[in-house]
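Commentary on secondary and tertiary structure
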Number of protein chains: 4
Amino acid sequence: MINPVEFKSIVDRYKVIFFDSFGVIKNYKGLVPGMKNTFDYLEENQKEYYIVTNDASRSPQQLAESFVKLGLDMITADKIISSGMLAKEYLELKVPDGIVAYMGTDDSAHYIESAGLRTLPVKAIDDSNINEVNALVFMDDEGFNWFRDLNKVVNLLRKRNIPAIVANTDFAYPLNMHDVAIAVGALANMIEHVVGKKFIHFGKPDSQMFMFAYDLVRAKGPISKKDILMVGDTLHTDILGGNKFGLDTVLVFSGNTQPEDAETSITSTGIVPTYICETAVVCGK
Amino acid sequence: MINPVEFKSIVDRYKVIFFDSFGVIKNYKGLVPGMKNTFDYLEENQKEYYIVTNDASRSPQQLAESFVKLGLDMITADKIISSGMLAKEYLELKVPDGIVAYMGTDDSAHYIESAGLRTLPVKAIDDSNINEVNALVFMDDEGFNWFRDLNKVVNLLRKRNIPAIVANTDFAYPLNMHDVAIAVGALANMIEHVVGKKFIHFGKPDSQMFMFAYDLVRAKGPISKKDILMVGDTLHTDILGGNKFGLDTVLVFSGNTQPEDAETSITSTGIVPTYICETAVVCGK
Amino acid sequence: MINPVEFKSIVDRYKVIFFDSFGVIKNYKGLVPGMKNTFDYLEENQKEYYIVTNDASRSPQQLAESFVKLGLDMITADKIISSGMLAKEYLELKVPDGIVAYMGTDDSAHYIESAGLRTLPVKAIDDSNINEVNALVFMDDEGFNWFRDLNKVVNLLRKRNIPAIVANTDFAYPLNMHDVAIAVGALANMIEHVVGKKFIHFGKPDSQMFMFAYDLVRAKGPISKKDILMVGDTLHTDILGGNKFGLDTVLVFSGNTQPEDAETSITSTGIVPTYICETAVVCGK
Amino acid sequence: MINPVEFKSIVDRYKVIFFDSFGVIKNYKGLVPGMKNTFDYLEENQKEYYIVTNDASRSPQQLAESFVKLGLDMITADKIISSGMLAKEYLELKVPDGIVAYMGTDDSAHYIESAGLRTLPVKAIDDSNINEVNALVFMDDEGFNWFRDLNKVVNLLRKRNIPAIVANTDFAYPLNMHDVAIAVGALANMIEHVVGKKFIHFGKPDSQMFMFAYDLVRAKGPISKKDILMVGDTLHTDILGGNKFGLDTVLVFSGNTQPEDAETSITSTGIVPTYICETAVVCGK
């Protein structure tokens with residue numbers, strides 16, 4: 001059986017900590033109890049930290065505000081690395097002009113607008129503008145009519161050979177203790193199979209997420225990957241991605257992975273975290 | 001280059017003909033011109049024929065009526081073999097009681113009702129009846145709210161370990177000359193990946209479709225598979241499935257496959273029809 | 001927790017029993033203790049039985065002899081249904097002439113020879129005969145040099161657009177208590193991905209295996225699928241395939257599935273056997 | 001139809017050029033005619049260049065020497081970025097001690113040795129050392145007995161829950177004008193499916209390859225991704241990977257992609273290069 005260790009004893013060995021958001025810092029009930037301690041401790045000990053999240057539904061500003069509302073005042077927009085930021089970087093580099101069509105809420109469209117591009121929700125594509133559409137981005141599972149717009153997207157991609165960017169690779173996310181919701185990554189994968197084209201996927205476990213975070217860290221001074229710790233609740237995204245990028249990893253039990261299933265999951269997937277902790281909470285003083 | 005041959009010269013060599021429906025007999029414009037001749041010829045020459053279709057949206061009666069409306073009076077319900085009939089057989093054999101939840105129109109639910117089971121559209125599942133739901137069937141892409149009911153289905157399958165049956169394996173179907181629509185097979189595949197469970201899929205190229213048709217033919221007297229010809233417009237369903245079942249196959253150009261792409265498609269997929277014809281039309285006298 | 005039931009109490013309700021071979025009747029140590037009782041009981045009670053196995057390495061005669069050597073004198077070649085027999089039927093129906101190249105031992109080539117076709121081990125293909133090769137069959141993982149012949153097969157399939165038949169869909173098989181071996185199904189899948197063509201796969205869980213067995217049963221008189229029981233040790237082949245074909249199924253713990261993992265496996269895969277028994281042994285009198 | 005443009009007109013717009021090796025600089029016949037001109041031109045114009053290759057069979061030194069032998073004296077080891085170097089970095093970061101088992105030639109093992117780790121060919125694993133094996137690396141398709149060692153690797157990974165690293169994601173490589181060979185990426189994928197565990201794959205199109213090269217470029221001074229051009233012959237590796245990383249890309253016809261198939265391939269895959277050139281040759285003066 002697996003013996004979890006104290007998170008504090010681990011965090012002390014690293015200079016920079018990457019945290020997954022959902023299932024580590026917060027869950028459907030709100031803040032994971034005690035996480036305020038963790039961020040206080042990191043601040044006091046001048047450790048750098050980033051929140052690395054497969055979330056393109058809201059801007060880094062909005063994501064940071066959601067943490068502040070939970071009592072984590074120290075979390076500012078510059079601490080957030082979201083898969084939406086990679087989509088934005090792609091668009092800046094590879095889509096010089098024209099319209100970027102999107103699936104998602106108006107909030108999620110801000111990533112595209114911040115790249116200086118004109119945005120258009122898929123529902124507004126028509127014969128008058130379809131030839132100006134130069135990219136399609138899957139941002140969020142909400143904000144559109146699934147039946148109408150998923151069908152519309154299939155036909156858009158059959159008519160225009162444009163890049164399709166998936167800004168969140170997750171297949172599902174938890175709604176409450178009992179229910180999950182289909183995430184935009186699953187919708188995008190379905191469309192990818194229907195049209196038979198290769199989409200551009202951004203999000204953990206893909207290393208481009210970790211590279212983006214690593215570049216921010218390095219901008220502040222030289223650092224080795226050995227000094228960075230990735231903390232996550234999901235073997236297939238946080239731990240697999242962190243391991244592949246060369247980081248040490250901690251699996252916590254405050255989200256997707258249950259203590260009683262951990263050993264079986266680790267053995268059957270071959271995805272082995274460096275450490276296992278109950279939670280990412282730094283306890284007591 | 002491929003030289004198509006006359007359909008009549010081929011059909012004369014077989015006793016029984018299996019036809020795909022969409023892309024062979026009819027398309028989005030209506031009847032494929034000349035197909036009335038083909039069925040007249042089959043009747044005159046006392047050849048048996050069946051329409052083998054990945055369609056669970058309507059009953060065999062309704063499907064037959066749709067052919068009669070196009071002028072093919074000879075096509076009766078007993079000539080139709082649909083993937084919905086396999087779903088029905090599965091339910092009869094494997095689901096003794098309780099409720100069968102379905103995704104699809106009311107028309108598609110008739111298959112389940114004809115198996116003597118109580119049906120419930122997914123939208124009507126609630127705490128009062130979820131424990132009586134003993135199977136879920138994906139029948140059709142219409143008749144439900146995609147956002148609400150696809151999410152509901154994911155949570156149903158997480159709470160109840162019941163069989164999920166997919167009554168149409170297609171990923172898309174043509175709407176008109178320019179557009180396609182996402183078929184229920186693609187929706188079901190997405191859900192299968194989200195929940196990580198194995199669904200039961202019925203439809204070409206799976207051999208169970210051909211077996212069902214073959215059993216009907218054999219019920220009328222002994223026949224060899226060598227005397228049966230499968231006619232289809234799609235390499236991955238009609239031709240692959242027909243070949244695997246041991247039938248000779250004809251690829252026609254009245255649907256999914258274009259003459260100019262045929263050679264490339266056949267070479268790159270390795271799916272080789274026994275014959276190639278422009279259409280399944282028996283010409284002139 | 002799952003409570004296994006007595007196999008005898010179940011077998012009494014059915015007229016025909018299909019058994020998987022490895023993991024049910026025998027394992028790497030020899031006969032599963034007590035299985036002689038089971039077959040004596042079936043004979044005494046005039047129940048029909050068949051052994052339905054993903055094995056194309058030896059002929060039905062040789063497979064039957066291997067059971068006789070273990071003390072099961074009643075098992076004759078006509079009781080054996082192997083995936084090799086489906087490959088043979090395919091070749092008889094679809095490959096009228098020419099050479100059939102094969103990967104496997106000389107024993108496995110007997111299936112092809114019994115279809116009246118000329119066989120050639122892949123190693124013997126050269127410029128003088130490559131144009132006569134009209135099909136390729138993957139029979140067994142032994143009997144050839146993997147490096148030389150797997151590479152040779154890739155190039156054969158790039159030069160000749162011929163059907164590739166996989167006569168055993170298994171990915172691995174047990175060698176002894178500690179070790180497994182890669183089965184020919186895994187080798188064939190690798191080649192299928194390398195060349196990008198669709199192969200024809202025969203073996204459980206595909207329904208064509210069950211149909212072949214069902215046809216033999218029906219040849220002796222009318223029978224409903226409700227009177228047939230499939231007994232297997234593997235959820236993904238025996239149970240999934242039996243369920244899909246409409247048969248009742250028993251999962252036994254004498255092979256691939258361990259009692260302590262059964263509930264987790266059934267829940268996570270959604271593959272639910274009708275019954276669970278410790279073994280397929282009919283005990284006592 | 002696609003109109004290729006002159007490579008020189010494109011190369012002039014970028015500061016750094018990444019080249020794929022096989023199919024761009026050389027092929028089975030030797031140097032692509034004229035490529036000496038290209039590298040002379042890059043040197044004269046002080047453009048930086050790197051060779052980014054899915055090859056772990058030889059060290060950067062050996063790879064560089066192979067270019068020198070073809071007359072490209074300017075190509076030194078520091079110009080080579082191979083997927084083997086990523087495997088080496090992974091081992092340095094994540095495998096602190098013990099033995100690293102490998103599949104490949106002795107040459108390929110040098111990558112592991114250069115990480116300061118003890119290496120062991122898979123054939124030499126036995127009961128005395130298996131518990132010290134802390135990682136497995138797939139380096140090359142040559143240098144081992146496929147039947148013996150692929151089976152051995154399956155059982156190693158069932159007994160020891162260690163990371164399996166794939167240092168070359170390719171499925172096949174060309175041997176001569178007519179034949180290809182199975183690459184180690186295909187063998188590793190087969191084993192991954194047989195054992196059901198997640199392997200760590202390094203090589204194009206994965207962005208970690210491009211990041212490694214980009215880090216080398218940035219070490220010499222600040223540069224934007226907009227100033228880097230990726231040149232390749234394969235849509236699914238060079239072009240897809242380059243695009244995703246945010247680079248402009250050139251597809252050339254000196255390797256995997258034929259001019260007559262380019263348009264169809266680009267349309268059907270949705271992988272669109274920024275430019276298309278006949279070859280990467282800078283002509284004339």
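Position labels on residues start from 1 in each chain and follow its written sequence. Chain A is the first chain written and ligand 1 is the first ligand written, with later ones labelled in order. Totals for whole chains, interfaces and linings use all residues, but because this is a predicted model, local features are given only for residues with pLDDT of at least 70 and pairs of side-chain atoms are given and counted only at 80 or more. Just so you know, side-chain values use all the structure's heavy atoms and leave hydrogens and water out.

Here's the deal with the confidence of the model for chain A
Averaged over chain A, the pLDDT score is 95; the fraction of residues at 70 or greater is 99%. Taken together, the chains of this predicted complex give a pTM of 0.96 and an interface ipTM of 0.95. Each residue carries a pLDDT value, the predictor's own confidence for that position, ranging from 0 to 100.

A few points about the state of the cysteines
The term disulfide refers to a covalent linkage connecting the sulfur atoms of a pair of cysteines. Residue and element names in this part refer to chain A. Pairs of cysteine sulfur atoms within 2.5 Å are identified as disulfides in what follows. Evaluation of the coordinates by the stated rule reveals 0 disulfides over all chains. No disulfide involves Cys277; its nearest neighbouring cysteine sulfur is the one of Cys283, lying 10 Å away. Per-residue accessibility, obtained with a 1.4 Å probe over protein chains only, is compared with the maximum for each type, and a residue is labelled buried under 20%, exposed over 50%, and partly exposed between these values. For Cys277, a relative accessible area of 0% corresponds to the buried category.

Brief notes about the packing of helix α8 (residues 207-218) of chain A against helix α8 (residues 207-218) of chain D
All axes are obtained by fitting lines to C-alpha atoms, using only the stretch in contact for helices, and the reported angles, taken between N-to-C directions, cover 0 to 180 degrees. In DSSP terms, a helix is any run of H or I states spanning at least four residues, a strand is any run of E spanning at least two, and both are numbered starting from the N terminus. Interaxial distance between α8(A) and α8(D) falls to 9 Å at its minimum, and their mutual angle equals 25 degrees. One way to sum up the angle between α8(A) and α8(D) is to call them roughly parallel. In the packing of α8(A) onto α8(D), the handedness of the crossing is right-handed. Contact residues: Ser207(A), Gln208(A), Met211(A), Asp215(A) and Arg218(A) in α8(A); Ser207(D), Gln208(D), Met211(D), Asp215(D) and Arg218(D) in α8(D). For this classification, under 35 degrees means roughly parallel, over 145 means roughly antiparallel, 65 to 115 means roughly perpendicular, and everything else is oblique. Should the near helix be turned anticlockwise from the far one by less than a right angle, the crossing is termed left-handed; should it be turned clockwise, right-handed. Only heavy atoms enter the contact rule, under which two residues are in contact if any of them lie within 4.5 Å.

Some words on the interface of chain A and chain D
Each side of the interface is counted separately: chain A has 37 residues, and chain D has 37 residues. When residues of chain A are sorted by the area they lose upon contact with chain D, Leu93(A), Lys94(A) and Lys244(A) head the list and together hold 22% of the total. Here a salt bridge means any side-chain nitrogen of Lys or Arg lying within 4 Å of a carboxyl oxygen belonging to Asp or Glu. The tally of links from chain A across to chain D stands at 8 salt bridges. Between Asp215(D) and Arg218(A) there is a salt bridge; the shortest N-O distance is 3.0 Å. Pairs of N or O atoms are called polar contacts if they sit within 3.5 Å, as long as, within protein, a hydrogen donor faces a hydrogen acceptor (for residues adjacent in sequence, only side-chain-to-side-chain pairs). Linking chain A to chain D there are 23 residue pairs in polar contact (both at pLDDT 80 or more). Those elements that place two or more of their residues in the side of chain A that touches chain D are α4 (83-94), β12 (200-201), α8, α9 (235-245), β14 (248-252) and α10 (259-269) of chain A. What gets called buried area is simply the loss in accessible area from a 1.4 Å probe that two parts show on being joined, summed for both.

Structural notes on the arrangement of the chains
No part of chain A reaches chain C; the closest C-alpha pair between them is 10 Å apart. Left apart from each other, chain B and chain D have a closest C-alpha approach of 10 Å.

Points about the domain arrangement of chain A
Residues and elements named next belong to chain A. The start and end points of each domain follow an automatic or database-based domain assignment. Domain parsing of chain A yields domain 1 (7-54 + 205-277) and domain 2 (84-201). Listed per partner, the contact involves 8 residues of domain 1 and 11 residues of domain 2. Together domain 1 and domain 2 conceal approximately 870 Å² of surface at their shared face, both sides included; 66% is due to carbon and sulfur atoms. Contact with domain 2 buries area across many residues of domain 1, yet Tyr28, Asn54 and Phe212 alone supply 63% of it, more than any other trio. The tally of links between domain 1 and domain 2 comes to 0 salt bridges. It is α8 that provides the largest number of residues to the side of domain 1 that touches domain 2, a total of 3 residues. Three classes are used: nonpolar for Ala, Val, Leu, Ile, Met, Phe, Trp, Tyr, Cys and Pro, charged for Asp, Glu, Lys and Arg, and polar for all others, with Gly counted as polar. Residue classes in the side of domain 1 that touches domain 2 are distributed as 4 nonpolar, 3 polar and 1 charged.

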